[in-house]
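Inside the fold
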Amino acid sequence: MKRLFLSSLAIAALLVASCSSDDDAPTTPTTPGPTLDGTIASQDDDDLIVTDLKGDVTGDITLAASEAWILTGELAVKDGATLTIEAGTTIKAAAGGTGVFIVVEQGGKIMADGTAAAPIKITSNAGNPRPGDWGGLLINGKAPISGGGTSTTEVLPLQYGGTEAADNSGVLDYVIVEYTGARINGEKEFNGITLYGVGSGTQISNVAALFGDDDAIEFFGGTVSVTNALMVNARDDMFDWTQGWTGNGSNWYGLRTADFTAISEDPRGIEGDGNLDGNSPGDAGQSNPTIDGITIINSGIIEMADMIKIRRGSGATITNAYIALNNEDASASDLVDLRDGRGCAIAGLSLTGTANPANGLDIMDIKNRTLADCGDATEATVTITSGTTPSVDTAIFAWTGFTF
């Protein structure tokens, strides 16, 4: 009996020890952690991170207005993919310079369809935001460029151009970009909004580019049209086109304010070229846009190189232009200049509008085509009269919140 009693106690002790050991043993996780591969293929992809937005978008993705998105690197919309940004969404870009930007590649689409009451804003995440904090917004399409064929973007190894004039890269409506223009070097820099070979099927209206370190908006060929565009405090050009852009523009407003002193070597209201850098004067299909309603105002304490410069084989039909210096310390080397060492605007160019002679602006300062500079003496049609009323009403930009 005694031996049996001792054995029972031993067995009980072993059982207690066994249970205690099981309770203390580490537990093997049953839920795997996120798998990150730099590709966002679906809405529930682990790579779609609200506070670390970057990667290759290969599926249909929506950025919800309810989230506080932080752009931390390159967000690239690939061929066949669509990036939808809900009305009212704010995306804050980390101040990472040239490594932080949004790009839509050929065949991709961006659907940034905001409203006046709920615009989309892409801005800097810096505590003290500055021009050049991040790259900007780039769209690459398949529409024609001067000389035909395709080309590679200025800042990225991406293709643009082609033969699809009606190519559709999506929608930009009620969209603001701020503090863009990060510089790679003295020759290569991002703009606020850059449109590379973008086709006429793309809808762009009610856009604003504010406080950029290079051009506010630039067209590299393409057929896209842009309506209701506000460009404020660009370090370089307000509106820039080159390489065969043939779209339309209406209600464009470019402004440099008195407190914005950053300046490039030759800032302009319009810089329009027919072919890229004047290197291909014989190209077919050079720039020839139509613009109805454009206001260009320098209120800064700096000298603009030209209020309007169109050259290098570019044509244009511009109506309802208005040009002014709204500061006694503001100035411009030229009101209108249609010639350049690498080529002149075409003789068929037509420009009509008004200029305000206040603050020393010479409304007769028009450098037209000449035999010496352009190879023939046929002048373009430029008619500028005195006027004091801007041709574009600032009320159409009330949705931006910018105070004029």
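Calculation notes
Residues numbered from 1 in each chain as written. Predicted model: local features only at pLDDT ≥ 70, side-chain atom pairs only at ≥ 80, totals over all residues. Heavy atoms only, no water. Disulfide = S-S within 2.5 Å. Helix = DSSP H or I, 4+ residues; strand = E, 2+ residues; numbered from the N terminus. Buried < 20%, exposed > 50% of the residue type's maximum accessible area, 1.4 Å probe, protein only. Pairing = 2+ DSSP bridges. Salt bridge = Lys/Arg side-chain N within 4 Å of Asp/Glu carboxyl O. 1 Å grid on protein atoms, 1.4 Å probe; cavity = no way out; pocket = protein on both sides within 12 Å on 5 of 7 lines; lining within 4 Å. Points joined across faces, edges and corners; volume = space filled by probe spheres on them.

Notes on the state of the cysteines
Inspection of every chain in the model, using the stated rule, returns one disulfide. Between the sulfur of C344 and that of C374 lies a disulfide, 2.1 Å long from S to S. The S-S bond linking C344 to C374 shows a torsion near -85°; that makes this disulfide left-handed. With C344 in the loop between β24 (331-337) and β25 (350-355) and C374 in helix α2 (residues 371-374), this residue pair connects regions lying 30 residues apart in the sequence. Note on accessibility: C344 and C374 belong to one class, buried.

Things to note about the pairing of strand β14 (residues 193-196)
Here is the key point about a regular strand: its side chains alternate between the two faces of the sheet. Across the two faces of β14 the burial is the same, with I193 and L195 and T194 and Y196 all buried. Here strand β10 (residues 137-140) pairs with β14 via four bridges, running parallel. When the sheet's bridge partners are listed, L137 is paired in β14 with I193.

Concerning the pattern of salt bridges
Overall, the coordinates contain 20 salt bridges when judged by the stated rule. For the salt bridge of K78 with E105, the shortest nitrogen-to-oxygen distance reads 2.9 Å. With K78 in the loop between β4 (69-77) and β5 (82-85) and E105 in the loop between β7 (101-104) and β8 (109-113), this pair connects stretches of sequence that are 27 residues apart. The partly exposed category is assigned to K78, whose relative accessible area is 24%. Residue class for E105 comes out buried when judged on its relative accessible area of 13%. Here D214 and R183 are joined by a salt bridge, their closest N and O atoms 3.4 Å apart.

Here's the deal with empty space enclosed by the protein
As enumerated under the stated definition, the model contains one cavity of 30 Å³ or more in all. By volume, the largest cavity is sized at about 30 Å³. Forming the walls of the largest cavity are T180, G192, A209, L210, G212, D215, A216 and A234. When residues of the lining of the largest cavity are assigned to their parent elements, the largest contribution, three residues, is made by strand β15 (residues 203-212).

Topic: unusual backbone geometry
Within the chain, N233 stands out as a residue other than glycine whose phi angle is a positive 55°. Tracing the chain through its elements places N233 in strand β17 (residues 225-234). Positive phi is not limited to glycine here, since R312 has a value of about 50°. Residue position: R312 is located in the loop between β22 (303-311) and β23 (317-325). Taking the relative accessible area as the measure of exposure, R312 reaches 13% and is therefore buried.

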